[in-house]
Amino acid sequence: MSRAFASMAFADAVVLIGAVVLGFYVDGSAFVDMHIGLAVFGGVVACLAHVTALMFLVILEKLTRQAVELGHLDRTPWQEVTRLKTGVSACLAVGVLALILAVGTGATVMWWKLELHLLHQFAVWVALMVNFAAFYVEHHKITEGVRYRDRAFEEYNRRTKSTAPTTSNR
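In this numbering scheme, every chain counts its residues from 1 along its sequence in written order. Only residues with pLDDT of at least 70 are given local features in this predicted model, and only at 80 or more are side-chain atom pairs given and counted; all residues enter the totals for whole chains, interfaces and linings. Values shown for side chains rest on all heavy atoms present in the structure; no hydrogens or waters enter the calculation.

Caption draft 1: Examining helix H1 (residues 2-24) more closely. The end-to-end C-alpha separation of H1 is 33 Å, in line with the 33 Å expected for 23 residues at 1.5 Å each. If you check which residues of H1 are buried, you get Phe5, Ala9, Asp12, Ala13, Val15, Leu16, Ala19, Val20 and Leu22. Going along the chain from the N terminus, every DSSP run of H or I of four or more residues is numbered as a helix, and every run of E of two or more is numbered as a strand. Expected helix span is given by 1.5 Å per residue-to-residue step, counting one fewer step than there are residues. Burial classification: accessible surface area is computed with a 1.4 Å probe over protein chains only, and a residue below 20% of its type maximum counts as buried, one above 50% as exposed, and the rest as partly exposed.

Caption draft 2: Molecular detail of the packing of aromatic side chains. Classification of ring pairs rests on two measures: the distance between centres of Phe, Tyr or Trp rings, Trp counted by its six-membered ring, which must be within 6.5 Å, and the angle between planes, read as stacked under 30 degrees, edge-to-face over 60 and tilted in between. Under the definition given, this model contains two aromatic pairs. With centroids separated by 6.2 Å and ring planes inclined at 80°, the aromatic side chains of Phe5 and Phe135 adopt a geometry described as edge-to-face. Pair noted here: Phe5 is in helix H1 and Phe135 is in helix H4 (residues 117-163), with a separation of 130 residues, a long-range link. Taking relative accessible area as the criterion, Phe135 reaches 5% and is therefore assigned buried. Geometrically, a charge over a ring is one whose NZ (Lys) or CZ (Arg) sits within 6 Å of the ring centre while staying within 35 degrees of the ring normal. It is Arg149 that lies over the ring of Phe153; its NZ or CZ is 5.7 Å from the centre.

Caption draft 3: A nonpolar patch on the surface, seen in detail. On the surface, Ile17, Val21, Phe24, Tyr25, Val26, Phe31, Met34, Trp125 and Met129 cluster together into a nonpolar patch covering about 910 Å² of accessible area. Those elements that provide at least two residues to the nonpolar patch are H1 and H4. Considering every element that reaches the nonpolar patch, the biggest residue donor is H1, with three residues. Within the element layout of this structure, Tyr25 appears in the loop between H1 and helix H2 (32-71). Candidate patch residues must exceed 30% relative accessible area and have no salt bridge, after which like charges are joined if within 9 Å and Val, Leu, Ile, Met, Phe, Trp or Tyr side chains if within 5 Å. Only the protein chains shown count as cover for residues, and all accessible areas are computed by the Shrake-Rupley method using a 1.4 Å probe. By convention in these notes, a salt bridge is any Lys or Arg side-chain nitrogen within 4 Å of a carboxyl oxygen on Asp or Glu.

Caption draft 4: Quick look at the packing of H2 against helix H3 (residues 76-111). Closest axis-to-axis distance for the H2/H3 pair is 9 Å, and the angle between their directions is 165°. With respect to H3, the element H2 is oriented roughly antiparallel. By crossing handedness, the relation of H2 to H3 is classed as left-handed. In terms of residue class, the contact of H2 with H3 is built from 21 nonpolar, six polar and four charged. Axis geometry follows a simple rule: fit a line to the C-alpha atoms, using only the stretch in contact for helices, then measure angles between N-to-C directions, giving values from 0 to 180 degrees. Note on terminology: angles under 35 degrees are roughly parallel, angles over 145 are roughly antiparallel, angles of 65 to 115 are roughly perpendicular, and the others are oblique. Crossings are assigned a handedness: left-handed for a near helix turned anticlockwise from the far helix by less than a right angle, right-handed for a clockwise turn. Each residue gets one of three labels, nonpolar for Ala, Val, Leu, Ile, Met, Phe, Trp, Tyr, Cys and Pro, charged for Asp, Glu, Lys and Arg, and polar for the others, Gly among them.

Caption draft 5: View of the nonpolar core. Nonpolar cores are built from buried Ala, Val, Leu, Ile, Met, Phe, Trp, Tyr and Cys residues. Side-chain atoms within 4.5 Å join them into one set. Phe5, Leu57 and Phe135 are the most contacted members of the largest nonpolar core, which has 25 residues in total. Among the secondary structure elements, those contributing two or more residues to this core are H1, H2, H3 and H4. Not counting chain neighbours up to four residues away, the residues in contact with Phe135 comprise Phe5, Ala9, Asp12, Ala46, Ala49 and His50. Note on contacts: a residue pair is in contact if any heavy atoms of the two residues lie within 4.5 Å.

Caption draft 6: Structural detail: the environment of Glu69. With respect to the secondary-structure elements, Glu69 resides in helix H2. Its relative accessible area of 39% is what places Glu69 among the partly exposed residues. When the C-alpha atoms of Glu69 and Tyr156 are compared, they prove to be 9.6 Å apart, with 87 residues separating the residues in sequence.

Caption draft 7: Structural detail: H3. Helix length check: H3 (36 residues) gives 52 Å between terminal C-alpha atoms against 52 Å at 1.5 Å per residue, within 8%. Just downstream of H3 lies Lys113, where phi reads positive at about 55°.

Below is the structure:
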């Protein structure tokens, strides 16, 4: 999952940077549609990436909890995955909020013809930095969560194999 998420985040970063580059060439009506289309697509994919990271950790938390409860194991791996999930929730919220601000200032410039180009550019750069940082943190938390899950599963397997009844066919 960590490679798939990293690939998705990298592809989205390329799309968002492309939208920014096109934004520099917007003059009157030239490149406006391409800039808006690419920016909206990149924003939607960014939101999808954040939600994917969160849903993966939700599922990881449930799997880890099952292993911990059924195997009567130490609760630490489950608690750590829950902590990681909370951190990804915060990344999602901040990333989406930054995207909303960038889109909102762009819409203000476009539709109401207000001279807020610098504010929009600032919001865009903040949105890029926040989302790239969020992608990095989410990737790290996914990788760490998988390690906790694996540790819980290994302990569960070790305990259940040592306590499983042995049967003989002789």
